[in-house]
Amino acid sequence: MNKTTRKAVNKVVNFFINVGTKFVSGVSQKEAEAALGEVTITEGMPELLRRAAAEGAVLLKNTGVLPYKEGECVSFFSRLQTDWFFTGYGSGGDVKKPYGVSPLEGLRNSGVVTVNEELAKTYADWMEENPIDHGFWGHWPRFYPDMPLTEEIVKKAAEKSQTAVYAIGRSSGEDRENALQKGSFYLTDAETNSLDLLTKHFKSVTVLLNIGSMIDLSWVQKYGDKIGAVLLVWQGGMESGNAVADLLCGKVNPSGKLADTVAKRYEDYPTANYFGNKAYNEYHEDIYVGYRYFETFKKDAVLYPFGFGLSYTKFQMDFVKAEQKENGIDFVCTVKNIGDRSGKEVAEVYLQKPCGTLGNPARELVGFEKTKELQPGESETLTVFVPNEFLASYDDCGKSGYKFAYVMEAGEYAFYLGTDVRSAEKVYSYAQEETVLCEQLKQAAAPLESFPRLVNAGGEMSEEPCKAREYDLKKIILENLPEDIAQTGDKGYKLQDVKDGKVTLDEFVAQLSLEELEAISRGDYVMDSALGAKGNAGALGGVLESLRNKGVPAVTTTDGPSGIRLLSYCSLIPIGSLFATSFDKALVEEVYTAMGAEMKEKGSDILLAPGMNIHRNPLCGRNFEYFSEDPVVSGFMAAATVKGVQKSGQSACPKHFACNNQEYNRLYNDARVSERALREIYLKGFEICVKTAKPNTLMTSYNRINSVWGHYNYELCERILRNEWGFEGMVMTDWWMRYKKSPEFPQICDNGYRVRATVDVLMPGGKRVGPHKPDGTLLKTYGKPEGITLGEMQYVAKHVLTLCMHYLEK
């Protein structure tokens, strides 16, 4: 190993041991280095990820300074020129990338512009003396302290170049929130000073936003046209620098669109007063999240609307027709490039439902499609399909005449076509003569107590109490317990026999002892299980020798979504927020298809991805992993992720089910949300993903949802996920769980409570500390009145075994 490679490996190993993971306390540098092995790069991945990183960039402002002209000399200010935020911190981003291309390196590679090398050296010398302290778990730097700029430095650079690039970077991370302070949501004094100096001395100033979630952008208006361009490039993974250079130099035309609304002030967000509380948050805004709120009640509080994004060229979008079909409506439009550069455009369809008795948002995204790369003068016809179910609203209180049901209320249904929520124009409408029932359901996962929620009363903000739970959950569970399968003892059946159709799954399960049923409902106790590739998140399935003798394989999990989190080198891909702003479902599927192939090669069976919780508030620390404030964008991007991963025979695991919208006190915080908002906003993306892509697994959330922890939530996991949506996969917990008694069955606790809730597997399998053996809580009440039943244990076992069969020979 040469000196350069050794230095790179040591840097990765040291970061891994000191910062990145929760499972390496016993791993020595020698062991870690051996596991890392030689640097490997998956064939074709660099080109694909370079394209993907550029595709999600959003051009927020451009006075004509971009793209740069050939031969232009660029002065790059900010240590981010090399110390780039390639991804977020925590399990969702901690991937051992083989390399990372910085923006400075990308510009040098561009062949279009030159770099002010004297300035670059000044920064390099300063950074050598001022290395970054990456902190430790949950205490990472929110920004990287930068070289102080002086009038002298800036003036000297301006003598060599009149083109300045300034990068503003923010970390995001698991287990902590972004903060309403300078250096997190707001600019630091040093950043403001830098912008003051650059806009004073340079004719052309471009600002790059190297962020994981939205920050305050009010300063863009303050500087006006002194800032020529603002380009939101997110955190694009290991090919970030090349992608940034491609965008700046015009090799790629920005085509990203905002998947979140940018408000003028933090206080303008509807969740500003209902986020960050320790014990619980009441979701007072109800269904009025993001643009649904702003377009209905506060249009003047928006800086950049949902769907906004500029281009280096111009497009013309013409509506052709709307064609009603049995299961929905096709909206056909033609998009023509009327500018002088090639580029892509997004067609977005929004719906305005009648306000009715329920009250509805002024706009709801119901479909979108993206063009191919269109040359100047070229056109493409797009068809945006809007399914009938997107036209319905959920009545959780009976005001429409149909209680606990999806309905279409009487009135006008107006559809708008355009490139963002604000500029979309009305192209079609029809009158619904009377209110109709679309789907009759039963109340589920409702809050235990009522609280005030926001409603649209004829275009005016009002409040009403949400509906509290009316049903007897204990009665529902007892009436729906799965039947026992009589135990037969070992008949010599192998799991392969089930896959081959020689025996039924029930016949195989009948062989399993109580010990085996207990084991198959948990993982192998630890992260970095000896049953899988080094650095894995845990293993499940064949965790006992007796199970493996019956042909049950050990199935390995690895963290995601920004790559495969192992001790070996794996590709670091863009963050979820970037994929969402690409509005390119086909591209996301292509990236995760390549990721699925890499999983197979590296020894990962289940990628714990996609993360798909709603961007309820811009301060959520884990927003970078997630997609959008909108459930339709989130659902279709998640579905594309799942389809891609599972093409190679591996499994995806959408997470976190549900309402994991806050990291502060995430293990105990209670998300109190009306049943309507739960179904229309926070579960809708999961529903789209499950029905569209059929993921093999799904992960519960740490938090409570209407007072019930995700890993104990029978209503979410059984009544809604399986019974309503038809989910046929396996449900696992997020890592570890809270040990509690069941309120409905006080004699049942912990793993017994979990299995009664039909949460199939505890991961990684036990408590964080203590002996690696069964805790006894699953079998504690077996055979006792209202205790855990054989049928319940066999029910979850069948879900696990169905998953395991994916990894057997065909």
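Structure's up top.
Remember, predicted model here, so these are calculated numbers, not experimental data.

Trainee: Explanation requested: the side chain of Arg-722 in the structure shown.
Mentor: Here Arg-722 lies in helix α21 (residues 714-724). When its relative accessible area of 7% is taken as the criterion, Arg-722 is described as buried. Within polar-contact distance, the side chain of Arg-722 engages the side chain of Glu-718 at 3.3 Å. In this structure Arg-722 touches Cys-717, Phe-727, Gly-729, Val-731, Thr-758, Asp-760, Tyr-795 and His-799, once residues within four positions along its chain are discounted.

Trainee: It is not clear to me how the nonpolar core should be interpreted in this structure. Could you clarify?
Mentor: Side chains of a nonpolar character, in soluble globular proteins, are inclined to be buried together. Leu-60, Phe-77, Leu-208, Leu-209, Leu-217 and Trp-219 are the most contacted members of the largest nonpolar core, which totals 208 residues. Per-element tally for this core: the top contributor is helix α18 (residues 631-647), with 8 residues. Those residues within four positions of Phe-77 in sequence are excluded, and the remaining contacts are Leu-119, Tyr-123, Leu-149, Val-154, Ala-157, Ala-164, Val-165, Tyr-166, Ala-167, Leu-198 and Phe-202.

Trainee: How should the sheet that holds strand β17 (residues 411-418) be read in this particular structure?
Mentor: With antiparallel pairing, the 4 strands of this open sheet are ordered in space as β13-β12-β17-β18. Edge strands, defined here as strands with exactly one partner in the open sheet, are β13 (364-370) and β18 (425-432). This sheet shows a mean twist of 20° between the axes of neighbouring strands, independent of strand direction. Strand direction decides the pairing type here: strand β12 (residues 346-352) and β17, joined by 5 bridges, are antiparallel. Looking at β17, one finds that Gln-352 is bridged to Ala-414.

Trainee: What should I look at first to understand the side chain of His-799 in this one?
Mentor: Topologically, His-799 is positioned in helix α23 (residues 790-804). Of note is the side chain of His-799, whose polar atom sits 3.2 Å from the side chain of Arg-722. With sequence-adjacent residues up to four places away left out, His-799 is seen in contact with Arg-722, Gly-729, Met-730 and Asp-760.

Trainee: For this particular structure, what's the right way to read the state of the cysteines?
Mentor: Each disulfide consists of a covalent bond between the sulfur atoms of two cysteine residues. Taken as a whole and judged by the stated rule, the model has 0 disulfides. Left unpaired, Cys-620 is separated from the closest cysteine sulfur, that of Cys-659, by 12 Å.

Trainee: I keep staring at the packing of aromatic side chains and nothing clicks. Help me out?
Mentor: Here the distance between the centres and the angle between the planes together describe a pair of aromatic rings. If you walk through the whole model with that rule in mind, you get 29 aromatic pairs. Between Tyr-293 and Phe-294, the ring centres sit 5.3 Å apart and the planes meet at 75°, which makes this aromatic pair edge-to-face. For the pair Tyr-293 and Phe-294, a shared accessibility class is recorded, and that class is buried. Taken together, the ring pairs connect Phe-185, Tyr-186, Tyr-266, Tyr-269, Tyr-288, Tyr-293, Phe-294 and Phe-297 into an aromatic cluster. Note that Arg-756 overlies the ring of Phe-745, its terminal NZ or CZ placed 4.5 Å from the centroid.

Trainee: I would appreciate a short explanation of the pairing of strand β21 (residues 460-465) in the present structure.
Mentor: The side chains of a regular strand alternate, first on one face of the sheet and then on the other. Where strand β20 (residues 452-457) and β21 come together, 6 bridges link them in antiparallel fashion. Bridge pairing in β21 places Arg-453 opposite Glu-464. Between β20 and β21, which follow one another and run antiparallel, lie 2 residues, and Gly-458 among them has a positive phi close to 65°.

Trainee: What is the right way to look at the pattern of salt bridges in this model?
Mentor: Close approach of charged atoms allows side chains of opposite charge to pair. Taken as a whole and judged by the stated rule, the model has 57 salt bridges. Lys-370 serves as the salt-bridge partner of Glu-55, at 2.9 Å between the closest nitrogen and oxygen. Here Glu-55 is found in helix α3 (residues 45-55), whereas its partner Lys-370 is found in strand β13, with 315 residues between them in sequence. For Glu-55, a relative accessible area of 5% puts it in the buried group. One salt bridge in this structure joins Asp-760 and Arg-722, with 2.7 Å as the shortest N-O distance.

Trainee: How should I be thinking about α18 in this particular structure?
Mentor: With 17 residues, α18 should reach 24 Å at 1.5 Å per residue; the first-to-last C-alpha distance of 24 Å fits that figure. Buried residues dominate α18, accounting for 14 of its 17 residues. At the N-terminal boundary of α18, the capping side chain belongs to Asp-630, with an oxygen 2.9 Å from the backbone nitrogen of Val-632.

Trainee: In this structure, what is going on with unusual backbone geometry? I would like to understand it.
Mentor: Leaving glycine out, the prevailing phi sign among residues is negative, and the prevailing peptide bond configuration is trans. The omega angle of the peptide bond from Gly-560 to Pro-561 is 15°, so this bond is cis rather than trans. Note on placement: Pro-561 falls in the loop between β23 (554-559) and α16 (576-582). Here the residue pair Met-763 and Pro-764 is connected by a cis peptide bond, since its omega of -5° sits within 30 degrees of zero. Checked against the element boundaries, Pro-764 lands in the loop between α22 (750-756) and α23. Its identity as a non-glycine residue notwithstanding, Asp-528 has a phi of 60°, on the positive side. Locating Asp-528 in the fold gives a position in the loop between α14 (514-520) and β22 (538-541). Here Phe-583, not a glycine, exhibits a phi torsion of approximately 50°, which is positive. Note that Phe-583 resides in the loop between α16 and α17 (585-602).

Cut-offs and rules
Residues numbered from 1 in each chain as written. Predicted model: local features only at pLDDT ≥ 70, side-chain atom pairs only at ≥ 80, totals over all residues. Heavy atoms only, no water. Helix = DSSP H or I, 4+ residues; strand = E, 2+ residues; numbered from the N terminus. Buried < 20%, exposed > 50% of the residue type's maximum accessible area, 1.4 Å probe, protein only. Polar contact = N/O pair within 3.5 Å; in protein donor to acceptor, adjacent residues only side chain to side chain. Contact = heavy atoms within 4.5 Å. Core = buried A, V, L, I, M, F, W, Y, C linked by side-chain atoms within 4.5 Å. Pairing = 2+ DSSP bridges. Axes fitted to C-alpha atoms, helices over the stretch in contact; angles between N-to-C directions. Disulfide = S-S within 2.5 Å. Phe/Tyr/Trp six-rings, centres within 6.5 Å; stacked < 30°, edge-to-face > 60°. Lys NZ or Arg CZ within 6 Å of the ring centre and 35° of its normal. Salt bridge = Lys/Arg side-chain N within 4 Å of Asp/Glu carboxyl O. Expected span 1.5 Å × (residues − 1).

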